[in-house]
Amino acid sequence: MGVITLRVNGVELAVPAGSSVLTATRQAGAQVPVLCHLDGLNPIAACRLCLVEIEGSQKLQPACSTEASEGMVVKTDSDQLQHLRRMAVELLFSEGNHVCAFCVASGACELQNVAVAVGMDHSRFPYQYPHRPVDASHHLFSIDHNRCILCSRCVRVCDEIEGAHVWDVANRGGESRIVAGLNQPWGEVESCTSCGKCVDVCPTGAIFHKEDTTAEKHPHAERAQRLRQAREQHQWHHP
Amino acid sequence: MLNSISPSLQRPRLRCCDASSCRSAGSGALLKALETARSNAGEAAEPLDIEPVGCLRLCSQGPLVALDRPEGSSLFGGLSAPLAGALVDAGSGTDNNSSLNDHAIDLEQPFFALQHSVVLEGCGQVNPESIDSAIAHGSYEQLRHCLQELSAADVREQIRRSGLRGRGGAGYPTGLKWDTVALQPPGPRFVVCNADEGDPGAFMDRSVMEGDPHRLLEGLAIAAYAVGADRGFIYVRAEYPLAIERLRLALRQARQRNILGNNIFGSQFDLRIDIRVGAGAYVCGEETALMQSIQGRRGSPRPRPPFPAQKGLWGAPTLINNVETLAAVPAILREGGDWYGAIGTDSSRGTKVFALSGAVVNTGLVEVPMGTSLRTVVETMGGGVPNGAGVKAVQTGGPSGGCIPAALLDTPVDYESLRALGSMMGSGGMIVIAESMAMPELARHFMRFNVNESCGKCLPCRAGTVQLEQLLTKFVAGNAQASDLEQLEQLCQMVQTTSLCGLGQAAPNPVLSTLKYFRQEYKTGCEPATAGPQPWA
Amino acid sequence: MKAAAAAPIASEATAEQKRINRLVAQNGSSPDALIEVLHQVQEIYGYLPEAALSQVAQQLRMPLSRVYGVASFYNLFHLEAPAAHSCELCMGTTCFVKGASELVPLLEQRLQQQLDGPSAADGWVLRQVSCQGACGQGPVLVVDGQLISQATGQGPGLLQGQLDAAGLPNRAPKPSLGAP
């Protein structure tokens, strides 16, 4: 496999050809936030948190879905990027109903972590307080749409790894939401195997085990990648 | 073209506009009445041909009928069925037109005289439901010529020389796009006609499809030959039922004549074209969303690269051009790339069709050389705002474009000039705004459109446009704070720089351009206590 | 699953299913044809009933949620039976700059219902729609499919007459004597 060299925030490094810019930034020790991206799932570049500056490109590029190329010069922490990321996180908090104090995922929530990382303690945009339902029809799990950030990790893990395709995105724009089956209660969808992968990869407290209460959710976002490696590379053991 | 008669014309002819706009004004009943009147008139009217045709341009005067006689053509507007008898009499030369005098439209007026028809040369002339009519006007002659006498590279050479740029909005050089697709590694490839003309107030592409569908099919077939595709799609918005009906008919006719299918014109070239009908999503005009929709999926855009030219439909290299771009191709091949390139300006060559509407006397379709000034189009051709009121601005580029203030009306219409002013060519909607329109309200109108049409995939467009609309509502209501203005600008900049696709990236343009030229109106929308002293505008 | 389980029992339902199966087959039975198939299903029912969506998903061998995702994405697909009567106000940009929004109070007053609100007891719905393509005649209204053009240019009296002729109910309270 070929190797390419590039520069991230002034650090020169080499990555295997075909790697994403995100992989390179991690190798360089840069902290690029991600929410929709998850190792092991196909990138969709939807949350826009991982946008970086690439020399020679007029537009910001998503690190998750951009392939690293030879001689690339990447910047991940400019004032502009920090400013934009903070605004993005504010938009996320204002469009849903995120109350950390009562959330199952508090302390293990990727949205919360990103908010801390970008220094966001409140949203300057008015909170929208949308009316969103909670579906507790499944015997093991619940989905609380108030906490959903539409990253679609659940949709992808169920489709790409479990192969059940229980979930999809319905409607559009600000009305978008995750649906099970034909917009059915989750518990009534026959194709659901109750595998719990969607719970594992959900970055917030939107999908959770029923027995978990405040701050008790322990997600396993790494499982998506492990399953993919096991399936595609026959690699079952992780040091 | 409107006031010329084709040399083959021996018999007098009435051309009755049978396109959407005139239909909504009653041309369907008029056409029937004309036919009845002709049979009633008996022998005298026997040599008179009556044909339904596509758009005759001046939509605000619809229904329109053109009369061709050996001594010249004339045009009548504001017609209704009771006038059918007079029209037939005029056509058969048995009447002095007296009852039609009030309906005569001067074809020498600038609205017609300054038009330069290339894309629309057959629109209003051919019967869009008859392939014989299209062939009589030269359709498919260039396809035959390409297949029998030119290599694919020769065809692309002519397109490159023409300097044609994509008429869908972004203005990407068409020749370069064709080359990129053609030069991909061997394998299947596709051509797609983007007929998802979604900008409100834009009806150029609809007019081509309704008025001269065979020209589009020919352009698409030539494109397919030039890039080595044997499969094509036309993605039409469902809101254009008449265009869909006529395209379907045209496709059936072309297949029956073996102009589409296998071994076209005895060559090795095969082409199958299918129509895919959208289902109401503006975002599907974005090319990656359009391809998703053709494949039966939600119209969500994906990041580029890879570009469709590299990886498009089913992963194969795919050429996507809009209707007007492809409809220009037959004329370019016929007259040569250099001929087309000599029209227009250095960077924007050829002609552009605009749908002129809004607060303007002459609403309709105009095709002019690139570089024509906005003033010429809006004031000279369009006749300005009704009742002599002033033009405040001209909106181009739809919900992705901007407002150009009256003071800059002498700007030539070309890709770069419009972009420099914070607007864009867009697909060709040109909406005249009168003095009475409040600009924050207009900006909110477009933002609402973007809120409703956002696909919801990426955060800035999904959540940012909602916040922008709410901010704009404060300015419309006059209860904004000075800090809202700062937030408005920052959020516009954020949505512009971070959205995934062109729709999101361009969503703030109507706000930014009105902020640029009409900032005072936003300041007026702030509560007096917070707005501070009013600076000199 | 509710919808699919209920369907095969009754023989009429089977006929309905056969109809959808035929329709899917005519479109090549490929998932790519989903949007085309949904258009045709909607032509039959006037909307996309759940049982039909389920049948389409089965026949195209697609996940239910994907079919629902597509059906709910596009504006022209309706997941519920449409209102019996509609009064649609074009809010395309041309109609908007020609004063379409000025017609909103007049229509709301006449129908005694809100724009884009729920339909009235007699089945009338008042909603704004995007460009109807009659920009030359704007602003336009479409009352049960009948186009009313240049709706602001002709004075409110004439417009009310046209609305009467188009069958739009007038529920506005009768003005008391002497009121303008």
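Residues numbered from 1 in each chain as written. Chains lettered and ligands numbered in written order. Predicted model: local features only at pLDDT ≥ 70, side-chain atom pairs only at ≥ 80, totals over all residues.

## Examining the overall build of chain C
Counted only if it meets this: Helix and strand labels come from DSSP, where a helix needs a run of H or I of at least four residues and a strand needs a run of E of at least two; each type is numbered from the N terminus. Between the buried cut of 20 or more and the exposed cut of 12 or fewer other C-beta atoms within 10 Å of a residue's own C-beta lies the partly exposed class, and all C-beta atoms are placed from the backbone. Each residue gets a C-beta atom placed from its backbone, and two residues are in contact if those atoms lie within 7 Å.
A tally of regular secondary structure across chain C gives eight helices and four strands. Each helix and strand of chain C, placed in order from N terminus to C terminus, yields the pattern α-α-α-α-α-β-α-α-β-β-β-α. Counting only residues that meet the buried cut, chain C has 39% of its 180 residues in that class. Within chain C, contacts between residues at least 6 apart in sequence are counted, and of these 58% link residues at least 24 apart.

## So, the overall build of chain B
Assigned secondary structure in chain B consists of 23 helices and 14 strands. Within the span of chain B, comprising 537 residues, buried residues form 61% of the whole. Of the contacts made within chain B by residues no fewer than 6 positions apart, 73% connect residues no fewer than 24 positions apart.

## Topic: the domain arrangement of chain B
Residue and element names in this part refer to chain B. Selection criterion: An automatic or database domain assignment provides the domain bounds reported here. Asp, Glu, Lys and Arg are counted as charged, while Ala, Val, Leu, Ile, Met, Phe, Trp, Tyr, Cys and Pro are counted as nonpolar; the rest, among them Gly, fall into the polar class.
According to the domain assignment, chain B consists of domain 1 (13–107), domain 2 (139–341), domain 3 (351–434) and domain 4 (439–531). Counting residues at the interface gives nine residues for domain 2 and eight residues for domain 4. Residue classes in the side of domain 2 that touches domain 4 are distributed as six nonpolar, two polar and one charged.

## Some thoughts on the packing of helix H2 (residues 79–95) of chain A against helix H19 (residues 482–498) of chain B
Put simply, the rule is: Axis lines are fitted through C-alpha atoms, for helices just across the contact stretch, and the angle between N-to-C directions can take any value from 0 to 180 degrees. We call two directions roughly parallel when the angle between them is under 35 degrees, roughly antiparallel when it is over 145, roughly perpendicular when it lies between 65 and 115, and oblique otherwise.
Here H2(A) crosses H19(B) at 100°, and the two axes come no closer than 10 Å. Judged on the interaxial angle alone, H19(B) and H2(A) are roughly perpendicular. Across the interface between the two elements, Leu84(A), Met87(A) and Ala88(A) from H2(A) touch Met494(B), Thr497(B) and Thr498(B) from H19(B). A breakdown of the residues in the contact of H2(A) with H19(B) according to their chemical character gives four nonpolar, two polar and no charged.

## Structural notes on the pairing of strand E2 (residues 11–16) of chain A
Residues and elements named next belong to chain A. The line we're drawing: A strand pair is defined by DSSP finding two or more bridges across the two strands.
Here six bridges tie strand E1 (residues 3–8) to E2, and the two strands are oriented antiparallel to one another. Within the sheet, the bridge partner assigned to Val-3 lies in E2 and is Pro-16. Hairpin connection of E1 to E2: two residues between the antiparallel strands, including Asn-9 at a positive phi of 50°.

## Section: helix H21 (residues 509–517) of chain B
All names here are of chain B. Of all nine residues making up H21, seven are buried, and the element is well covered by its neighbours. Listing the buried residues of H21 in full gives Asn-509, Pro-510, Val-511, Ser-513, Thr-514, Leu-515 and Tyr-517. Where H21 is buried, its residues meet strand E13 (402–405), helix H17 (439–453), helix H18 (459–477), H19, helix H20 (502–506) and helix H22 (519–524).

## Overview of the sheet that holds E1(A)
Here we have five strands laid out as an open sheet, ordered E2-E1-E5-E3-E4 (chain A), and mixed in their pairing. Either end of the sheet is taken by a strand with one partner, and the two such strands are E2 and strand E4 (61–62) of chain A.

## Brief notes about the confidence of the model for chain C
Residue and element names in this part refer to chain C. In plain terms, the rule: Known as pLDDT, the predictor's per-residue confidence is scaled from 0 to 100.
Of the residues in chain C, 89% have a pLDDT of 70 or more, and the chain-wide mean is 87. Of all secondary-structure elements in chain C, the lowest mean pLDDT belongs to helix H1 (residues 2–6), at 45, while helix H5 (residues 64–73) reaches the highest, 98. With pLDDT under 50 throughout, residues 1–10 is counted as low confidence; its partners more than four residues away or in other chains account for 16 contacts. Taken over the whole predicted complex, pTM reads 0.94, whereas the ipTM for its chain interfaces reads 0.97.

## Some points on the sheet that holds strand E2 (residues 124–129) of chain C
Residues and elements named next belong to chain C. Strand order in the open sheet formed by four strands is E2-E1-E3-E4, and the pairing between neighbours is mixed. Each edge of the open sheet is held by one strand with a lone partner, namely E2 and strand E4 (146–148). Within this sheet the neighbouring strands show an average axis-to-axis angle of 20°, counted without direction. Pairing of strand E1 (residues 85–90) with E2 involves six bridges; the strand directions are parallel. Across the sheet, Glu-88 pairs through a bridge with Arg-127, a residue of E2.

## Comments concerning unusual backbone geometry
Between Pro305(B) and Pro306(B) the backbone carries a cis peptide bond, its omega angle lying at 0°. Mapped onto the elements, Pro306(B) comes out in the loop between helix H12 (287–294) and strand E9 (318–322). Residue Pro139(C) is bonded to the preceding Gly138(C) through a cis peptide linkage, with omega at -5°. For Pro139(C), the position within the fold is in the loop between E2 and strand E3 (141–143). If you check the backbone angles, Asn263(B) has positive phi at about 50° while not being a glycine. Tracing the sequence through the fold places Asn263(B) in the loop between helix H11 (241–256) and strand E8 (272–277).

## With respect to the interface of chain A and chain C
Tallying the contact residues gives 16 residues for chain A and 14 residues for chain C. Elements with a minimum of two residues in the side of chain A that touches chain C: strand E8 (167–170) and strand E9 (177–180) of chain A. Examining the composition of the side of chain A that touches chain C, we find that four residues originate from one element, E8(A), more than from any other. Residues that form the side of chain A that touches chain C fall into these classes: seven nonpolar, five polar and four charged.

## Looking at the packing of helix H9 (residues 204–211) of chain B against H11(B)
Residue and element names in this part refer to chain B. Selection criterion: Two helices crossing with the near one rotated counterclockwise from the far one by less than a right angle form a left-handed crossing, whereas a clockwise rotation gives a right-handed crossing.
For the pair H9 and H11, interaxial distance at closest approach is 8 Å and the crossing angle is 40°. Considering their axes alone, H9 and H11 lie oblique with respect to each other. When the axes of H9 and H11 are compared, the crossing they make is left-handed. Of the residues in H11, those touching H9 at Arg-206, Met-209 and Glu-210 are Leu-242, Ala-243, Arg-246 and Leu-247.

## Let's talk about the confidence of the model for chain B
Of the residues in chain B, 96% have a pLDDT of 70 or more, and the chain-wide mean is 94. Within the model, the stretch residues 531–537 of chain B combines pLDDT values under 50 with six contacts to residues more than four positions away or in other chains.

## Considering the pairing of E13(B)
Moving residue by residue along a regular strand, the side chains alternate between the two faces of the sheet. Residue and element names in this part refer to chain B. Where strand E12 (residues 391–396) and E13 come together, four bridges link them in antiparallel fashion. Directly across from Val-394, in E13, lies its bridge partner Ile-404. Taking the residues between adjacent antiparallel strands as the criterion, E12 and E13 are bridged by five residues, where Gly-397 takes a positive phi near 85°.

## A look at the nonpolar core
For the record, the criterion: By definition, a nonpolar core groups buried Ala, Val, Leu, Ile, Met, Phe, Trp, Tyr and Cys residues that are joined through C-beta atoms within 7 Å.
Grouped together as the largest cluster of nonpolar side chains are 296 residues, with contacts concentrated most on Leu34(B), Ala223(B), Ile433(B) and Val56(C). Residue contributions to this core peak at 10 residues, all from helix H10 (residues 213–227) of chain B. The residues touching Leu34(B), leaving out its near neighbours within four places in the chain, are Leu14(B), Cys16(B), Ile50(B), Ala84(B), Leu87(B) and Val88(B).

## Side note on the environment of His218(A)
With respect to the helices and strands, the residue His218(A) is situated in the loop between strand E10 (207–209) and helix H6 (223–233). Between the C-alpha atom of His218(A) and that of Thr5(A), which follows or precedes it by 213 residues, the distance is 37 Å.

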